[in-house]
2 protein chains.
Amino acid sequence: MPIDPHSEIIVFAYSWVPEMAKGYVRDLRARWALEEAGLGYKTRTLHAGEERPDWFLAEQPFGQVPALIDGDIHLFESGAILLHLAEKSEVLMPKDPQDRASTQSWLLAAFNSVESFVFELFFVNIIFRKEEWAKLRKPSAEDFLRRRLAPIDKALTGKDYLVGPFTVADIAMATVLREANDHLGLADFANLDAYLKRCLARPAFQRALDAQMADFTGPPPAAPAN
Amino acid sequence: MPIDPHSEIIVFAYSWVPEMAKGYVRDLRARWALEEAGLGYKTRTLHAGEERPDWFLAEQPFGQVPALIDGDIHLFESGAILLHLAEKSEVLMPKDPQDRASTQSWLLAAFNSVESFVFELFFVNIIFRKEEWAKLRKPSAEDFLRRRLAPIDKALTGKDYLVGPFTVADIAMATVLREANDHLGLADFANLDAYLKRCLARPAFQRALDAQMADFTGPPPAAPAN
């Protein structure tokens, strides 16, 4: 396991989150990349049900996890953390210039062109599920996400991973697709369905998931979290 | 003007878009970065009202612009294009490791943590404005975006730009804020309002905007575009 108390790499994670968020907190992406590359790290945890301290808001202006410290370097946003870690290991991004460009293209596609519309289904199905507008909005939100998934399904024809070798773009896309799959299933997208299973079957993903779950040792909040 | 018919850098753009999209198509980000760095480029245009040809879908799987060719390197997603161009000029990203990390963090914040929720207002205010759900959804969508803008407003206290010097993160954030401003105004966010005006007052932004507008030389579509 790359958990190493002497590591210079610190991942900020949570000691407590609501039940439905367990296994889905975005520090999973950083942990997965670190596990793939065999890079040791340690975690520093916050409680998602409590106000974020000022020192953490200086690390992560939105008060969310993950943030990462690598020696003297401080970063936030899981996409930026993936790009930073990718420079440390060819296992995460090949040195070939076209493969690098393709890794960056697909990583940004996951975060901007796909996850934006998964967020919308999260609002519709979870946060605002009791609202009238959410019921009315659901079909068009699902339709839009499907129209974003179809080209990726096509791009994966005959390929195991987006770029060729496994890269951080697959960590980005698979974590997004995992939630898309929860919301609408991937039965219409045979390549995406097989790709997601292939990504999640990687031992590094399972170790990352186990490590996130193992950090949830905090007590529930004193008052119900908003 | 960096438009140079002999350049190895090709930006894919549109020759026609609906009136309301003029000046807002995402090739603006690539053009702005190229103008800041003084890098020559040429454009290759498509018609937004016509079906995308297969050769373009191989450049950009979603059939959108921008895509970019730089010699032998092919990229898509405006965020990936900004990161690629940033490696070509210190005007776009300083070499200092912490400044690089901060540039990547803020760029990803713009594309994932902010623009995702601007898209939602675009749906509510433009695409689905006649739908009952859009009217019901609007207040909570505005509220969510405001809660994302407040920490950025705070982070800009006493600063001209997000990282220190101007970087591609400012191109990302300013183009996102420009649309946020159209949807809900920035009157409650004095730092953001001043920051957006400061970014858009840069001569390179104006040149990029003029260049996008100058490429809209195509005829309207034969049938109304969907």
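Residue indices begin from 1 for each chain and proceed along its sequence in written order. For this description, chains carry letters from A and ligands carry numbers from 1, given in the order in which they are written. Selection of residues for local features in this predicted model requires a pLDDT of at least 70, selection of side-chain atom pairs for listing and counting requires 80 or more, and totals for whole chains, interfaces and linings are taken over all residues.

### So, the domain arrangement of chain A
Residue and element names in this part refer to chain A. We note that the domain assignment places domain 1 (9–91 + 206–214) and domain 2 (97–202) within chain A. Computed over C-alpha atoms only, the centres of domain 1 and domain 2 are separated by 21 Å. In this description a helix means any DSSP run of H or I spanning at least four residues, a strand means any run of E spanning at least two, and both kinds are numbered starting from the N terminus. Mapped onto the side of domain 1 that touches domain 2, the elements with two or more residues apiece are helix H1 (27–37) and helix H3 (78–86). Ranked by residue count, the leading element in the side of domain 1 that touches domain 2 is H3, at five residues. Residues are grouped as follows: Ala, Val, Leu, Ile, Met, Phe, Trp, Tyr, Cys and Pro are nonpolar; Asp, Glu, Lys and Arg are charged; all remaining types, including Gly, are polar. Taken together, the residues of the side of domain 1 that touches domain 2 sort by class into seven nonpolar, one polar and one charged. Per the annotation, domain bounds derive from an automatic or database assignment of domains.

### Some details on the sheet that holds strand E3 (residues 67–70) of chain A
All names here are of chain A. Pairs of strands are assigned from DSSP output, requiring at least two bridges between the strands. Strand order in the open sheet formed by four strands is E2-E1-E3-E4, with mixed pairing between adjacent strands. Edge positions in the sheet fall to strand E2 (42–47) and strand E4 (73–76), since each of these pairs with one other strand and no more. Taken over all neighbouring pairs, the strand axes of this sheet differ in orientation by 25° on average, direction set aside. Relative to E2, strand E1 (residues 9–16) runs parallel, the two sharing six bridges. The partner of Tyr14 across the bridge, within E2, is Leu46. Residues are treated as contacting if the C-beta atoms built from their backbones sit within 7 Å of each other. In this description, a line fitted to the C-alpha atoms serves as the axis of each element, helices being fitted only across the stretch in contact, and the angle between N-to-C directions of two axes falls anywhere from 0 to 180 degrees. Across the face of the sheet, H3 comes into contact with E3 and E4 while running at roughly 135° to E4.

### Concerning the relation of the copies chain A and chain B
Copies are brought into register by a least-squares superposition over C-alpha atoms of residues with pLDDT of at least 70 in both. Rotating chain A by 180° and moving it 0.0 Å along the rotation axis overlays it on chain B with an RMSD of 0.0 Å. Overall, the copies show the geometry of a two-fold rotation axis. A symmetric contact is evident, with 100% of the interface residues of chain A recurring at the interface of chain B.

### Structural notes on the interface of chain A and chain B
The interface is formed by 36 residues belonging to chain A together with 36 residues belonging to chain B. Of all elements in the fold, only E4, H3, helix H4 (97–127) and helix H5 (132–155) of chain A reach the threshold of two or more residues within the side of chain A that touches chain B. Counting residues per element, the side of chain A that touches chain B draws most heavily on H4 of chain A, at 14 residues.

### Here we look at the sheet that holds strand E2 (residues 42–47) of chain B
Residues and elements named next belong to chain B. Ordered in space as E2-E1-E3-E4, the four strands form an open sheet in which the pairing is mixed. Edge positions in the sheet fall to E2 and strand E4 (73–76), since each of these pairs with one other strand and no more. Going across the sheet, the axis of each strand differs from the next one's by a mean of 25°, ignoring polarity. By the bridge criterion, four bridges tie strand E3 (residues 67–70) to E4 in an arrangement that is antiparallel. When the sheet's bridge partners are listed, Ile69 is paired in E4 with His74. On top of the sheet, helix H1 (residues 27–37) reaches strand E1 (9–16) and E3; it is set at about 135° to E1, its chief contact.

### Some words on the nonpolar core
In this description, a nonpolar core means buried residues of the types Ala, Val, Leu, Ile, Met, Phe, Trp, Tyr and Cys, linked to one another by C-beta atoms lying within 7 Å. With C-beta atoms placed from the backbone, a residue counts as buried when 20 or more other C-beta atoms lie within 10 Å of its own, as exposed when 12 or fewer do, and as partly exposed for counts between those limits. Counting residues in each nonpolar core, the largest one holds 142 residues, and the members touching the most others are Val168 of chain A together with Val168 of chain B. Look past the residues within four positions of Val168 of chain B in its chain and what remains in contact with it is Ala33, Leu82, Leu83, Ala86, Leu92, Met93, Thr103 and Leu107 of chain B.

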